Amino acid sequence: QNYLDNFWPDLKAAHELFDSLLQARRERESESQENNGKEYPEHLPVEILEAGIKSGRYIQGTLNVNKHRAQLEAFVRLQGFGSKETG
């Protein structure tokens, strides 16, 4: 803000962009506080997920995404299996 105010006081578009980014950051921080610090809200309560895993309805694993081709390549490594199981 200080940089824009001191060096670019007449550049309206930059000030508007800065204000927009600041507002988006405040909204994100507010949402994070509402979700107890979690970036994304949970889809199902923990109790339902745990019961589903125990009954075999759900599986538990780790999602691995290729950082260079994130939209095209990913796999899930299931817990308790030695090899890479995909899904």
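Residues numbered from 1 in each chain as written. Predicted model: local features only at pLDDT ≥ 70, side-chain atom pairs only at ≥ 80, totals over all residues. Heavy atoms only, no water.

What follows concerns a nonpolar patch on the surface. Judged by side-chain polarity, Tyr3, Phe7, Trp8 and Leu11 come together as a nonpolar surface patch covering roughly 480 Å² of accessible area. Of note, tyrosine 3 is situated in helix H1 (residues 2–7). A relative accessible area of 52% means that tyrosine 3 is categorised as exposed. (Patch = residues over 30% accessible without salt bridge, like charges linked within 9 Å, V, L, I, M, F, W, Y side chains within 5 Å. Areas by Shrake-Rupley, 256 points an atom, 1.4 Å probe, with all protein chains shown as cover. Salt bridge = Lys/Arg side-chain N within 4 Å of Asp/Glu carboxyl O. Helix = DSSP H or I, 4+ residues; strand = E, 2+ residues; numbered from the N terminus. Buried < 20%, exposed > 50% of the residue type's maximum accessible area, 1.4 Å probe, protein only.)

Let us look at the pattern of salt bridges. A complete count under the given rule lists three salt bridges for this structure. Here glutamate 29 ties to arginine 25 by a salt bridge, and the two come within 3.2 Å at their closest N and O atoms. Of this pair, glutamate 29 and arginine 25 both sit in helix H2 (residues 12–34), separated by four residues, roughly a single helical turn. The class of glutamate 29 is partly exposed, set by a relative accessible area of 40%. We classify arginine 25 as exposed; its relative accessible area is 56%.

For the protein, per-residue confidence averages 85 on the pLDDT scale, and residues scoring 70 or more make up 84% of the total. Within the protein, H1 carries the highest mean pLDDT (94), whereas H2 carries the lowest (89). (pLDDT = per-residue confidence, 0-100.)

Tallied over the entire structure, the rule returns one aromatic pair. Plain terms: the ring middles of tyrosine 3 and phenylalanine 7 are 5.2 Å apart, the flat faces sit at 40° to each other, and that makes the pair tilted. A residue pair is termed a helical-turn pair when its members lie 3 or 4 positions apart in one helix, as tyrosine 3 and phenylalanine 7 do in helix H1 at four residues. In terms of burial, tyrosine 3 and phenylalanine 7 fall into one category: exposed. (Phe/Tyr/Trp six-rings, centres within 6.5 Å; stacked < 30°, edge-to-face > 60°.)

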